[in-house]
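Structural overview for review
Spelled out from the first residue to the last, the chains are:
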Amino acid sequence: MLDSVSSNAVDIAQTLECGAFSDETKQIIADEGLLPEGLVNRLHRQYTSVSALGSTDKPLFTERNDYTGLGGFRAVNQILLDNGIDIGHQDERELFVEVYRFLATKHTLNSINWNDFATDSIFQLVFPQPSMINKKVTDAYVTAPEGEARTAIAQEYMKETNPHDGNQQLNKPWFVNSEGVLELLAGSQHKYPQCQLIFDKSTQHCFSFCTYCFRHAQVRGDEDMFLQNDVDQAHAYLRLHTEVSDLLITGGDGGFMPANRLKQYCDPIMHDPSLQHIRTVRLATRALTFHPEMMLTKKYDAMLAVFDELHDNGVQLALMAHFSTPRELLNPVTIAAIRRLQKHGVVVRSQSPIMRHISMFDNEDGTIDIDRSAQNWIDLGNIFATLKVGFHSMYCARPTGEHHYFTAPLADVAKIFDKIYRSLSSINRPSRYISMTTSAGKLSLLGTSEINGETTFALKFCESRNMQWMDKVFHAKYDEKTNNVSLLNPIEGNSFFFEDELAQIEEELASDLKAAMNSSKGVHMDEVSVEYDELGLDSHSVA
């Protein structure tokens, strides 16, 4: 919703001077004309209530680039207390930190409205909240002595956090090489024909940790995390699988990949005829939300040069951001970073999670506020259009981590999406209906239908293990309370049309790999030592 139009103009130089931005960043913004006055003032006037484009508040966090682990969390709390801000519930929040970790950049922390932190979306995004972890575990942790006793409780609870929902381990690709050795890609997933995911050794970090993270096995460093060391192995697999058109570099955060590592992946894609079927390289990153200054440094010029080369060789570089609130966009360095990327041929898109307390909000009685929640996304969609950011998709919370805190009844989510879709102009809408991830694929909730006088959910796959499943619209019984697509029931019979075939596919994936391991001359799966590429941040200790 547009705010009341104001005639006040933004003093861009003053805003940058008041922020905790380096002289180098401010100089690049000025030299490259990344913050034109017309654009900045239009956005600020339209969305004054959530805009930081005209902010002159002094930032609280200036000394360190990031704060990580239990020690970092306590350091953040001390800075807040020194400034008269007590977020409370310290012990309960520390339980979450021990289970899922904590990391926040100074940009993230300075983006929070500390005058009203409890309802601030970014505070909810990176800070543990009371009632996230169930009361029994919380009470045991809080009453235990500090130190090893508490850590033991947190480690035991980790076993219940379901870090690999949707049978992700079945998605690891493999092939038998010319010497009869089984090549198992330990840091890759290939679930849908056109897209292969790479969890490279350089992308095992994040700029800030999201409290709803569904890849907490990666950020915790669990034994069964995905980790790819051998670039040549990935290329060898791609040569055998010409159905793959998109290489998706993810993590952790794909934004951590240094330029020289990205070139190792991309040079053959650009110049080797046997890899001409790769048309798009996607870089999945939240850097634009958590650390946009990284892209406004001379050091990042090396990455921009790789982007230029990809563009000149006809390979699309798509930076997949994860914006879910206008606040993440309406600050000077994020806008400047987006515009700098676009000048180098990068297509910026957002696949956006709709999460309760962050981008989906409650009424006072605890029910979902449909209108306020929808308006957040309507505003976001229109801001995307102004900045030439593609609104790729919205997706629901996956049944992992503290799912109960972030999710809402699918019936309410559908109402929110319906209002978003009909309120935005056709070119500003998300490119697909709201989706939910399952082992079978990504299910889109199309809305409701009336069948024989009964209201039903209309469903359709937008990605699936068998791509022909995508051709069929099917229906589930309407349920006002269900918040997990896997709990939906078919309107007829005991199973959906794809479930028997899905069970067969999953069984074959496991048995084929077992047979290949038994018949091959050996198995090659890299043991890797992950090195940290600084990218302008402090070393990431989990102490």
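Here's a quick rundown of the structure. (Residues numbered from 1 in each chain as written. Predicted model: local features only at pLDDT ≥ 70, side-chain atom pairs only at ≥ 80, totals over all residues. Heavy atoms only, no water.)

Right, let's talk about the overall build of the protein chain for a bit. Of regular secondary structure, the protein chain possesses 19 helices and 16 strands. Taken against the 2.2 N^0.38 rule, which gives 24 Å for 543 residues, the C-alpha radius of gyration of the protein chain at 23 Å falls within 12% of a compact globule. The principal-axis extent of the C-alpha atoms belonging to the protein chain is close to 70 × 60 × 55 Å. Relative to its 543 residues, the protein chain shows a buried fraction of 56%. The long-range share in the protein chain, meaning contacts at least 24 apart out of those at least 6 apart in sequence, stands at 75%. (Helix = DSSP H or I, 4+ residues; strand = E, 2+ residues; numbered from the N terminus. Rg over C-alpha atoms; globule rule 2.2 N^0.38 Å. Buried < 20%, exposed > 50% of the residue type's maximum accessible area, 1.4 Å probe, protein only. Contact = heavy atoms within 4.5 Å.)

Our focus in this paragraph is the nonpolar core. Counting 139 residues, the largest nonpolar core has Trp114, Phe127, Leu288, Phe307 and Leu341 as the members making the most contacts within it. Broken down by element, the residue count for this core peaks at eight residues, all from helix 16 (residues 370-387). Within the second largest apolar cluster, six residues are counted, among which are Cys195, Leu197, Phe199 and Ala284. (Core = buried A, V, L, I, M, F, W, Y, C linked by side-chain atoms within 4.5 Å.)

Now for the pattern of salt bridges. Evaluation of the coordinates by the stated rule reveals 18 salt bridges. Taking the shortest distance from any N to any O, the salt bridge between Asp120 and Arg327 comes out at 2.7 Å. With Asp120 in the loop between helix 6 (106-111) and helix 7 (121-126) and Arg327 in the loop between strand 9 (316-321) and helix 15 (332-342), the pair connects residues that are 207 residues apart, well separated along the chain. A relative accessible area of 3% places Asp120 in the buried class. Residues Glu156 and Lys159 are paired through a salt bridge, measuring 3.1 Å at the closest nitrogen-oxygen approach. (Salt bridge = Lys/Arg side-chain N within 4 Å of Asp/Glu carboxyl O.)

Counting buried positions over the six residues of strand 11 (residues 390-395) gives five, a clear majority of the element. When strand 10 (residues 346-353) meets strand 11, the two strands line up parallel, connected through five bridges. Following the sheet pairing, Gln351 is matched in strand 11 by Ser393. Considered for its hand, the β-α-β crossover made up of strand 10, helix 16 and strand 11 is right-handed. (Pairing = 2+ DSSP bridges. Right-handed = clockwise from strand over helix to strand, strands pointing away.)

Between helix 12 (residues 259-271) and helix 14 (residues 301-312), the shortest axis-to-axis distance is 10 Å and the interhelical angle comes to 10°. With respect to their mutual orientation, helix 12 and helix 14 come out roughly parallel. Contacts between helix 12 and helix 14 involve Ala259, Leu262, Lys263, Cys266, Asp267, Met270 and His271 from the first element and Ala302, Met303, Val306, Phe307, Glu309 and Leu310 from the second. (Axes fitted to C-alpha atoms, helices over the stretch in contact; angles between N-to-C directions. Parallel < 35°, antiparallel > 145°, perpendicular 65-115°, else oblique.)

What follows concerns a negative patch on the surface. Taken together, the side chains of Glu501, Glu507, Glu508 and Asp512 make up a negatively charged region of the molecular surface. Relative to the helices and strands, Glu507 is located in helix 19 (residues 499-519). Given a relative accessible area of 58%, Glu507 falls into the exposed group. (Patch = residues over 30% accessible without salt bridge, like charges linked within 9 Å, V, L, I, M, F, W, Y side chains within 5 Å. Areas by Shrake-Rupley, 256 points an atom, 1.4 Å probe, with all protein chains shown as cover. Lys, Arg positive; Asp, Glu negative; His and termini not counted. Charge placed at Lys NZ, Arg CZ, Asp CG, Glu CD.)

Here we take up a nonpolar patch on the surface. Among the surface-exposed residues, Met517, Val523 and Met525 lie close enough to one another that they form a single nonpolar patch of about 250 Å² accessible area. Here Met517 lies in helix 19. A relative accessible area of 40% means that Met517 is categorised as partly exposed.

Our next topic: the state of the cysteines. All told, the structure shown has zero disulfides when counted by the stated rule. Left unpaired, Cys210 is separated from the closest cysteine sulfur, that of Cys213, by 6.6 Å. Under the relative-accessibility criterion, Cys210 is labelled buried at 15%. (Disulfide = S-S within 2.5 Å.)

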